[in-house]
Amino acid sequence: MKEFFPMIPKIRYEGSSAKNGLAFRYYNPDEVIAGKPMRDHLKFALSYWHTLCADGTDMFGRGTMDKNFSGKTPMEIYENRAYAAFELLDKLNIDYFCFHDRDIAPEGSTLAESNGNLDKIAELLEKLMKEHGKKLLWGTANCFNQPRYMHGAGTSPNADVFAFAAAQIKKAIEITVKLGGKGYVFWGGREGYETLLNTDMMLEQDNMAYLMRIAADYGRSIGFDGDFYVEPKPKEPTKHQYDFDAATVAGFLRKYGLDNDFKLNIEANHATLAGHTFQHELEIARINGLFGSIDANQGDLLLGWDTDQFPTNIYDTTLCMFEVLRAGGFTNGGLNFDAKARRGSYTPEDIAYSYIAGMDSFALGLKIADRLISDGRLDEFVRERYSSYKSGIGAKIVSKTATIEELEKHALSLGEITTNTSGRQEYLESIVNSVIFG
Ligand code: XUL
Ligand code: CO
């Protein structure tokens, strides 16, 4: 079989002092951390769109990378991409992948033709998955790229576009189920608005929820027992997206009764764009029972757009894995690298360097998060900080038995409150530093 990346060897764990750039320094898949091998904690996934399709095109310049893999016809290009994907999964020691429908097969001139292309490639993917022992983390439909979706898909003012999106999503769910995927993502690429002057927001949101309802019901009817996810993002491409952040989506899911079928796919760079930390978004997901999956990347804090960089910030990966461990780990979800090498990092080796950087950063984050939890000082501090709710009036507040009159009586008996305890933020941050750096 043709080798597409002869310059990339099989990447192996060589330990933290390794000087070989094409080796893992922290990701040791079978090493057991907190009772589980690293590979099961992290459940890394390769993003088909960035890795096999994106060629470095940006607003100001054409592609810098060849992602045609010597294919001469559209179908041949996509077939070769599939072989190239599995070669990378093997060489990078990644167990999962994920895709949009239009990443894996070319769009035809009709929906029926596109579906036919998808069926052919899905057969090939199924065969390759068996041969290479790889799994699908999640599937999704690209309902944002094609011009028909200029005003949205589920939120389009054009009912024919809504129907087209529904049909595309139905097919993408079928392919996901066929390939044994345990997740299906809704990212509202154009589900939002540019100006309220032309927008019926209530109808758009009702329609979107209806599309999610019928899609989830259809998925269940054909045996999908995994999780549907919404991936929050505040803006880009639309000025305002309806799935703004985790809290907004939690409210939306509850309003429309979708919270039994849907969880959240939290993306680090989307958190940044919403003005939140990655940890904040993960914690909102966890405390609302919506923790599902993660798009692992990082943004550039000096830029206001979605740069989708491979994650290298250890502070962030540590606090992310701290949340994942506290959430009890992934069930159907995992860590998908929704990340791409920079436009100037255009050689095939850069794909390997990028994934190694991202996987090592999360492996190190996992190890440190485990140490933070066993260290116990952070948890102990938080427990102590809220200890006034363990007895007396505090316990009555928590058990929801304190009446407002009783609280008033208590307050009147206090005189003035002259003591409070310090939040000790700097002390806690230095604990995190000392656990990271030793
Ligand atoms: C876009 C983005 C998407 C979703 C899947 O910002 O994150 O790639 O992850 O549609
Ligand atoms: Co994403």
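Residues numbered from 1 in each chain as written. Chains lettered and ligands numbered in written order. Predicted model: local features only at pLDDT ≥ 70, side-chain atom pairs only at ≥ 80, totals over all residues. Heavy atoms only, no water.

Caption draft 1: Molecular detail of the site of ligand 1. Ligand 1 sits among Trp49, His100, Trp187, Glu231, Lys233, Glu267, His270, Asp295, Asp306 and Asp338. Glutamate 231 places a polar side-chain atom, nitrogen or oxygen, 2.7 Å from an oxygen atom of ligand 1. Interatomic distance of 2.6 Å between a side-chain N/O atom of aspartate 338 and an oxygen atom of ligand 1. Against a free-state accessible area of 290 Å², the protein chains account for coverage of 94% of ligand 1. Its residues assigned to classes, the shell around ligand 1 shows two nonpolar, two polar and six charged. (Near = heavy atom within 4 Å. Polar contact = N/O pair within 3.5 Å; in protein donor to acceptor, adjacent residues only side chain to side chain. Areas by Shrake-Rupley, 256 points an atom, 1.4 Å probe, with all protein chains shown as cover. Nonpolar A, V, L, I, M, F, W, Y, C, P; charged D, E, K, R; others polar.)

Caption draft 2: Broad picture of the sheet that holds strand E10 (residues 262-267). Spatial strand order, E3-E4-E5-E6-E8-E10-E11-E12: eight strands in a closed barrel with parallel pairing. On average, each strand axis in the sheet is inclined to that of its neighbour by 30 degrees, with strand direction left out of account. Sheet topology places strand E3 (residues 44-47) next to strand E4 (residues 96-100); three bridges connect them, and they run parallel. Paired with leucine 46 across the strands is phenylalanine 97, a residue of E4. (Pairing = 2+ DSSP bridges. Helix = DSSP H or I, 4+ residues; strand = E, 2+ residues; numbered from the N terminus. Axes fitted to C-alpha atoms, helices over the stretch in contact; angles between N-to-C directions.)

Caption draft 3: View of the packing of aromatic side chains. Scanning the entire structure with this criterion turns up 22 aromatic pairs. Taking 5.8 Å as the distance between ring centres and 35 degrees as the angle between the ring planes, the aromatic pair formed by phenylalanine 310 and phenylalanine 337 counts as tilted. Pair noted here: phenylalanine 310 is in the loop between strand E11 (291-295) and helix H11 (314-326) and phenylalanine 337 is in strand E12 (residues 335-337), with a separation of 27 residues, a long-range link. Given a relative accessible area of 0%, phenylalanine 337 falls into the buried group. The structure contains a cluster of three or more aromatic residues connected by ring pairs, namely Phe24, Tyr27, Phe44, Phe310, Phe337, Tyr355 and Phe362. Taking the ring centre of tyrosine 78 as reference, the NZ or CZ of arginine 81 above it sits at 4.6 Å. Taking NZ or CZ as reference, arginine 148 lies 3.9 Å from the ring centre of phenylalanine 164, over its face. (Phe/Tyr/Trp six-rings, centres within 6.5 Å; stacked < 30°, edge-to-face > 60°. Buried < 20%, exposed > 50% of the residue type's maximum accessible area, 1.4 Å probe, protein only. Lys NZ or Arg CZ within 6 Å of the ring centre and 35° of its normal.)

Caption draft 4: Geometry of the pattern of salt bridges. Overall, the coordinates contain 30 salt bridges when judged by the stated rule. Two residues, arginine 39 and aspartate 30, come together in a salt bridge whose shortest N-O distance is 3.5 Å. Notably, a salt bridge pairs lysine 171 with aspartate 119, separated by 2.7 Å at the nearest N-O pair. Taken together, the residues lysine 171 in helix H6 (residues 159-178) and aspartate 119 in helix H5 (residues 111-132) connect sequence positions 52 residues apart. Classification of lysine 171 by relative accessible area gives buried; the value is 11%. (Salt bridge = Lys/Arg side-chain N within 4 Å of Asp/Glu carboxyl O.)

Caption draft 5: How the structure looks around the packing of H6 against helix H7 (residues 201-221). Viewed as axis vectors pointing N to C, H6 and H7 meet at an angle of 30 degrees, and their least axial separation amounts to 10 Å. The pairing of H6 with H7 is recorded here as roughly parallel in orientation. You can see that H6 and H7 cross each other, and the crossing is right-handed. Residues Phe162, Ala166, Ile169, Lys170, Ile173 and Glu174 of H6 touch H7, and the partners they reach there are Asn207, Tyr210, Leu211, Ala215, Tyr218 and Gly219. Taken together, the residues that form the contact of H6 with H7 break down as eight nonpolar, two polar and two charged. (Parallel < 35°, antiparallel > 145°, perpendicular 65-115°, else oblique. Left-handed = near helix turned anticlockwise from the far one by under 90°. Contact = heavy atoms within 4.5 Å.)

Caption draft 6: Quick peek at the nonpolar core. Counting residues in hydrophobic clusters, the biggest one holds 120 residues, and the most contacted among them are Leu42, Tyr48, Phe97, Leu125, Ile294 and Phe362. Once you skip the residues sitting within four places of it in the chain, phenylalanine 362 turns out to touch Leu42, Phe44, Phe278, Ala296, Pro311, Thr317, Cys320, Met321, Leu335 and Phe337. (Core = buried A, V, L, I, M, F, W, Y, C linked by side-chain atoms within 4.5 Å.)

Caption draft 7: Summary view of the packing of helix H13 (residues 377-385) against helix H16 (residues 425-437). Where H13 meets H16, the closest approach of the two axes is 10 Å, and the angle between their N-to-C directions is 160 degrees. By the criterion of interaxial angle, the relationship of H13 to H16 is roughly antiparallel. Considering only the axes of H13 and H16, their crossing is left-handed. For the pair formed by H13 and H16, the contact residues are Arg377, Leu378 and Phe381 on the first element and Tyr427, Leu428, Ile431, Val432, Ser434 and Val435 on the second.

Caption draft 8: Molecular detail of a nonpolar patch on the surface. On the surface, Val382, Tyr386, Tyr389, Ile397, Val398 and Leu407 cluster together to form a nonpolar patch covering roughly 510 Å² of accessible area. Positionally, valine 382 belongs in helix H13. For valine 382, a relative accessible area of 45% translates into the label partly exposed. (Patch = residues over 30% accessible without salt bridge, like charges linked within 9 Å, V, L, I, M, F, W, Y side chains within 5 Å.)

Caption draft 9: Looking closely at helix H10 (residues 278-287). Three or more residues of H10 are buried, namely Phe278, Glu281, Leu282, Ile284 and Ala285. Summarising the axial view, the buried residues of H10 lie within an arc of 160 degrees, below the 170-degree limit, and thus occupy one face. Among the structural elements, helix H8 (246-255), E10, helix H9 (268-273), E11, H11 and helix H12 (348-375) are those in contact with the buried residues of H10. Phi for glycine 289, located one or two positions after H10, is positive at around 70 degrees. (Arc of directions from axis to C-beta.)

Caption draft 10: Structural context of the side chain of aspartate 306. Tracing the backbone shows aspartate 306 in the loop between E11 and H11. Within the structure, the side chain of aspartate 306 is placed 2.8 Å from the side chain of lysine 233, a separation counted as a polar contact. Apart from residues no more than four positions distant in its own chain, aspartate 306 is found in contact with Lys233, Glu236, Glu267, Asn269, His270 and Leu273.

Caption draft 11: Representation of the pairing of E11 within the structure. Across the five residues of E11, five count as buried, placing the element largely inside the fold. Bridge analysis of E10 against E11 gives four bridges, and the strand direction is parallel. Within E11, the position partnered with leucine 264 by the bridge is phenylalanine 291. Note: E11 against E12, two bridges, orientation parallel. Looking at E12, one finds that aspartate 295 is bridged to asparagine 336. Handedness of the E11-H11-E12 crossover: right-handed. (Right-handed = clockwise from strand over helix to strand, strands pointing away.)

Nothing here speaks to function; it is geometry throughout.
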